[in-house]
Amino acid sequence: LLLTLKGTSSEAMSVSVKWDGAPAVVCGTNPDNGQFFVGTKAVFAKAAKINYTKKDIAKNHGTDELGQKLLKCLVHLKKLNIPGVVQGDLLYTDEGITRKNIDGKPHLTFTPNTITYAVPVVKGSFFGSSLYKRVNSAKIGIIFHTSYSGKTIKSLSASFGAGVAGLSKNKDIFFDDAMYKQTNPGFT
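First, a word on what this report is: a plain description of the structure on this page. Everything numeric here is computed off the predicted structure, so don't read it as measured data.

Glancing now at the pattern of salt bridges. Tallied over the full model, the rule gives five salt bridges. Where E65 meets K69, a salt bridge forms, and the shortest distance between an N and an O atom there is 3.2 Å. Taken together, the residues E65 and K69, both in helix 3 (residues 65–77) and four residues apart, mark about one turn of the helix. For E65, a relative accessible area of 56% corresponds to the exposed category. The salt bridge partner of D94 is K72, with a shortest N-O separation of 2.6 Å. Separated by 22 residues along the polypeptide, D94 in the loop between strand 3 (85–93) and strand 4 (98–102) and K72 in helix 3 bring together distant segments of the chain. For D94, a relative accessible area of 29% corresponds to the partly exposed category.

In structure tokens form, the structure reads like this:
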């Protein structure tokens, strides 16, 4: 199995993680007008549903669960100063975070789609406490996996991966890219 994962290529390779978030959120700076927007994949529909304001979201997606999630995205993702257009999977909004004991230990949990994610409430451990603090303080959590380029929304072409290193940090947003990060330094 290790040889299969490692491969035989001498080229650098990346592995992405498939996160089970919902909905898919497309956001960033619209190349047509320079304005920040959020939306679902309906941004790319013939009758595009692009949201710049709360009114746009209500008109295009309603005011129920999807509309409320997109409204939180509109308010908070703007703080990242996304220079282009990216797509990600929404993991949670703060209303979707629950606290559960798993094997007798406290965790923050969220279930964006069919998989429940659990973040241990660990005091004193750098990894545990850092991740816990980021998730606990954020109003939304999102993993970006696709970037788009083009001069208009209609001409955008998708590229695997989304660089997040240049995005502004903000405690209200837990975000990352979908690239696998090895957390066990003994595994090679």
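Relative to the elements of secondary structure, Q87 occurs in strand 3. Residue Q87 is classed as buried on the basis of its relative accessible area, which comes to 7%. A polar contact of 2.5 Å, which involves the side chain of Q87, links it to the side chain of Y148. Setting aside its immediate chain neighbours within four residues, Q87 contacts A24, V25, V26, K41, F44, I143, F144, H145, T146 and Y148.

What counts and what doesn't
Residues numbered from 1 in each chain as written. Predicted model: local features only at pLDDT ≥ 70, side-chain atom pairs only at ≥ 80, totals over all residues. Heavy atoms only, no water. Salt bridge = Lys/Arg side-chain N within 4 Å of Asp/Glu carboxyl O. Helix = DSSP H or I, 4+ residues; strand = E, 2+ residues; numbered from the N terminus. Buried < 20%, exposed > 50% of the residue type's maximum accessible area, 1.4 Å probe, protein only. Polar contact = N/O pair within 3.5 Å; in protein donor to acceptor, adjacent residues only side chain to side chain. Contact = heavy atoms within 4.5 Å.

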